Amino acid sequence: MKERRDWNQMRDSIIGLGEESSRRTYYPELLARVTQLEAAQESLRQSEANLRVLFNSLHDAVIVHDFEGRVLEVNDAMLAMYGVDQKSCRTYNLMDYSAPSVGDQGLEAKFHEIWSTLRSEGHALFRWKARRPLSPGLDFDVEVSLRQAFWFGQEAVVAVVRDISERLRLEAMLHQAQKLDSLGQLAGGVAHDTNNMLGVIIGYTDLLLEDAPAATPLANDLEQIRKAALHSADLTRQLLAFARKQPINPQVVDLNVLVESTHKMLRRLIGEQHALVWKPSTTLWSVWIDPSQVDQIVTNLAVNARDALGSGGTITLETANVQVDETYAHQHPDAKPGDYVVLTVTDDGHGMTPEVQARIFDPFFTTKGLGRGTGLGLATVYGIVRQNEGFISVYSALGEGTTFRIHLPKHLGENPGAQEAEVALKGGKETLLLVEDEEALLELAQRILEGAGYRVMSSSRPIEALHLMETNSEPIALLVTDLIMPGLNGSELYQRIHASRPEVRPLFLSGYPADTITLQELSEKRAGFLQKPFTRPALLAKVREILDA
Ligand SMILES: Nc1ncnc2c1ncn2[C@@H]1O[C@H](COP(=O)(O)OP(=O)(O)OP(=O)(O)O)[C@@H](O)[C@H]1O
Ligand SMILES: [Mg+2]
C-alpha cells in the first residue's frame, strides 16, 4: 500500500515538472511505463508469496546456510523437525543441529570436509545424526542432501533434511522378521526329517513292547528307548513350532480359563521366594488356538521371568481385550489392525539391553550358562504366536524389568467341531487304504493297523494307490495318507478318491500340516489329522474315532 502511494507521488511530481508542451508529450509515455512497473512488481510479489507457500509445504526440512554454518533461511518443516521457532532458529549454528557423535572438535572438521566436497562436486548426499538444540537427548537419524547456491548474491548451501528414523526402525524390524523366517525354514526342514525317523523308532518300539513280557529287563530297556525318542520328539516339536509348522488342534478357548488352569504348575515352577500375581480381565473375548500352545507360551514366558528375578521378585500375568488401530499397526510390521486378546507377562527382574533384546527370538540365542538354556523358548513362542496370526511386543530396559505382550486375534466365527473326548483303544475289521512315501513308516503303520485287525491296502506312491482303488471293488472305509508327498499330495489324492467314492473319509498324517491344508479344509472334509511322529495307541485311537464318527 505504502509503495503504491510512493508511485503515485512520484507520478504526480513528474507531471508537475516541465513545460506544458513537454508535459503533453511525455506524460502518457511515463504514465504507461509506471503502470507497467507497478504490474511487474505486483506479479513479483505474488510469485514470491507462491514460492513461500511451496517452500513451507515441503515435508522435508530445508536449511539455507553459509559455509560457516550460519543459518540464513529455514522452512516450517525445519522448525517442526528441530523444535525451534522462527526467531530462535537463527541463534544456533549448524553444529548445534548435529549430534556430536564424533566429538565437537571432530564435528567441525567433518563439516569442513563435507563443504569442500560440496564445493568441488556441487552437491552431496549423506546420512547424519541430527539433534534438537533444546532437547539434546532426542537425537534422530536424517538423510541430508546438500547443494551449493547463491543466496542474495552470497555463496550459500541449501540443505534438504529428511527424517529417516522411522524408516530405519521399520527396516531393522523387517530384517529381523526375514532372518527369523529363513531360520524357521531351516529348522522346520531338519525337524521334519528327524520327526519321521523318530516315528519309526517309537512305532517299532511300541510293537516290540507288545510282545515283550511285562516287567522284564527287555521291556524295561524298550521303555527307555521309547522315552528317549518321545523326548527327542518334544524337541522337534519345539523347532516345528518355531518354524510355524507344528501340527495343531485349535479350539475356541477362554484365555482366562487356560491361564487359570496353569496356575498350580506355574506356582511350583516359579518357587516360593517369588510372588505370582494374576489379573484376569472381567470380560474377555475368546480366541481360536490349540490349548497346549497356550501352555507352551505361558510356561516359557514365566520361566524366563523367573530366571530374570533376583531374590523375591514379582511376576504378573494379565489378560485384556485390545483394539489395534492403523497407527499402531503401522509401527509394528507384525501387527494387523483388529481386535485382540492380550496376555501380558511382566517381571521386575534384571531386564535386557537393547542388544540382547534384538536377538531374543533367534533360535538358540541364550544368555544363560551352558546347560541352563537352549535358547528355544522364545523362538517357540514367536512361532506359535505367528502361526495363530498374532504378534508380540516387548518392553524392557536394563534393571527395569520386562513386559511381554502376546496378542492373539479375537475369535469371530463359530466353533467348527471341538475335539471329542479320547476314544478307547480298539481295532476293527474295515478295509483301509494307506499311503505314505516314507517306506519305513508305511511298513510300520501297516503292521500297527493289521495288528489291530484291519485289512490294509497300502502303497508308497499316491498314483499307485489310485490304481489299487480302481482295480478293487471292495468298499474302503478310510484313507490314511501322508500329507506331503512328491507328485500328488495327500489332500489332492483325497480329492481324486472323493470324486468316485464320496463315502471314503480321510485321515491325514503329517509333521506339518500348514503348508498343504488349512484348518478350515480339515473341518470341511470332516477329516482327521494325526501328528507325526505318532504312537501306536494314537494311530489306533484316531482311526477308530473317524470310523465311528
Ligand atoms: N523376562 C526376561 N527378562 C530378561 N531377559 C530375558 C527375559 N526373557 C528372555 N530373556 C532373554 O532372552 C534370552 C532367550 O530366551 P529364550 O527363552 O529363548 O531362551 P532361554 O531361556 O535362554 O533358554 P530356554 O528357554 O530354551 O531354556 C534369554 O537367555 C535371556 O537373555
Ligand atoms: Mg527360556
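In the block above lies the structure referred to throughout.
Residues numbered from 1 in each chain as written. Chains lettered and ligands numbered in written order. Predicted model: local features only at pLDDT ≥ 70, side-chain atom pairs only at ≥ 80, totals over all residues. Heavy atoms only, no water.

J.: How would you explain the nonpolar core if you had to name every residue and give the values?
T.: Core analysis: the largest hydrophobic core is formed by 47 residues, its most contacted members being Leu-255, Leu-317, Phe-361, Ile-392, Phe-404 and Ile-406. Residues lining this core come from more than one domain, with at least three contributed by each of domain 3 (169-242) and domain 4 (251-409). Sequence-distant contacts of Leu-255, defined by excluding residues within four places in its chain, comprise Leu-284, Val-287, Val-294, Val-341, Leu-343 and Leu-408. In terms of nonpolar packing, the next biggest core, distinct from the first, is built from 30 residues, Met-95, Phe-111, Phe-126 and Phe-140 among them. (Core = buried A, V, L, I, M, F, W, Y, C linked by side-chain atoms within 4.5 Å. Buried < 20%, exposed > 50% of the residue type's maximum accessible area, 1.4 Å probe, protein only. Domains from an automatic or database assignment. Contact = heavy atoms within 4.5 Å.)

J.: How would you sum up the site of ligand 1? Please name residues and give values.
T.: Taken together, 20 residues surround ligand 1, and among them Asn-304, Thr-366, Thr-367, Lys-368 and Thr-374 come closest. Measuring from an oxygen atom of ligand 1, one finds a side-chain N or O atom of Asn-304 at 2.8 Å. Between ligand 1 and Lys-368, the relevant distance is 2.6 Å, taken from an oxygen atom to a side-chain nitrogen or oxygen of the residue. Here ligand 1, which alone exposes 590 Å², has 92% of that area covered by the protein. For the shell around ligand 1, the elements supplying multiple residues, two or more each, are helix 8 (291-308), helix 11 (377-387) and strand 12 (401-409). The residue inventory of the shell around ligand 1, partitioned by class, reads eight nonpolar, 10 polar and two charged. (Near = heavy atom within 4 Å. Polar contact = N/O pair within 3.5 Å; in protein donor to acceptor, adjacent residues only side chain to side chain. Areas by Shrake-Rupley, 256 points an atom, 1.4 Å probe, with all protein chains shown as cover. Helix = DSSP H or I, 4+ residues; strand = E, 2+ residues; numbered from the N terminus. Nonpolar A, V, L, I, M, F, W, Y, C, P; charged D, E, K, R; others polar.)

J.: Lay out the environment of Ile-384 in plain terms, naming residues and giving numbers.
T.: Inspection of the secondary structure puts Ile-384 in helix 11. Between the alpha carbons of Ile-384 and Ala-243 there is a distance of 8.6 Å; along the sequence they are 141 residues apart.

J.: Kindly report on the pattern of salt bridges, identifying the contributing residues and their values.
T.: One pass over the structure, following the stated rule, counts 23 salt bridges. Between Arg-119 and Glu-155 there is a salt bridge, with the nearest N and O atoms lying 2.9 Å from each other. Of this pair, Arg-119 sits in helix 4 (residues 103-121) while Glu-155 sits in strand 5 (residues 154-163), and the two are 36 residues apart along the sequence. On the basis of relative accessible area, Arg-119 is assigned to the partly exposed category, the value being 44%. Put simply, Lys-368 and Asp-307 hold a salt bridge, and the shortest N to O gap is 2.9 Å. Of this pair, Lys-368 sits in the loop between helix 10 (354-357) and helix 11 while Asp-307 sits in helix 8, and the two are 61 residues apart along the sequence. You can call Lys-368 partly exposed: its relative accessible area is 26%. Via salt bridges that share partners, Arg-52, Glu-73 and Arg-90 belong to a single interconnected network. (Salt bridge = Lys/Arg side-chain N within 4 Å of Asp/Glu carboxyl O.)

J.: Break down the pairing of strand 14 (residues 455-459) for me, with residues and values.
T.: Direction of pairing for strand 13 (residues 431-435) relative to strand 14: parallel, over a ladder of five bridges. If you follow Thr-431 over to strand 14, its bridge partner there is Arg-455. In this fold, strand 13 hands off to helix 12 (residues 439-451), which returns the chain to strand 14; that crossover is right-handed. (Pairing = 2+ DSSP bridges. Right-handed = clockwise from strand over helix to strand, strands pointing away.)

J.: Outline the sheet that holds strand 12, listing residues and values.
T.: One open sheet accounts for five strands, arranged 7-9-10-12-11; its pairing is mixed. Here the strands that pair on one side only, and so sit at the sheet edges, are strand 7 (275-279) and strand 11 (391-397). Along the sheet, successive strands turn relative to each other by an average axial angle of 20°, direction set aside. Of the pairings in the sheet, the one linking strand 9 (residues 314-324) to strand 10 (residues 338-347) comprises 10 bridges and is antiparallel in character. Considered in strand 10, the bridge of Val-324 is made with Gly-338. Across the sheet, helix 8 touches strand 9, strand 10 and strand 12, and the angle it forms with strand 10 is around 30°. (Axes fitted to C-alpha atoms, helices over the stretch in contact; angles between N-to-C directions.)

J.: How would you summarise the pairing of strand 10 if you had to cite specific residues and measurements?
T.: Across the 10 residues that make up strand 10, a large majority, seven, are buried. Across eight bridges, strand 10 lies against strand 12 in antiparallel orientation. In the strand pairing of strand 12, Thr-344 is matched with Arg-405.

J.: Could you give an account of helix 12, naming the residues involved and the relevant values?
T.: The terminal C-alpha atoms of helix 12, which comprises 13 residues, lie 18 Å apart, in line with the 18 Å expected from a rise of 1.5 Å per residue. When we look at burial in helix 12, the residues that qualify are Leu-441, Leu-442, Leu-444, Ala-445, Gln-446, Ile-448 and Leu-449. Along its buried surface, helix 12 packs onto helix 5 (165-211), strand 13, strand 14 and helix 16 (536-548). (Expected span 1.5 Å × (residues − 1).)

J.: I'd like a rundown of unusual backbone geometry, residues and numbers included.
T.: A positive phi angle, close to 60°, is found at Ala-215, a residue other than glycine. Residue position: Ala-215 is located in the loop between helix 5 and helix 6 (217-242). The class of Ala-215 is exposed, set by a relative accessible area of 82%. Unlike most non-glycine residues, Phe-364 shows phi in positive territory, near 70°. You can see Phe-364 is positioned in the loop between helix 10 and helix 11.

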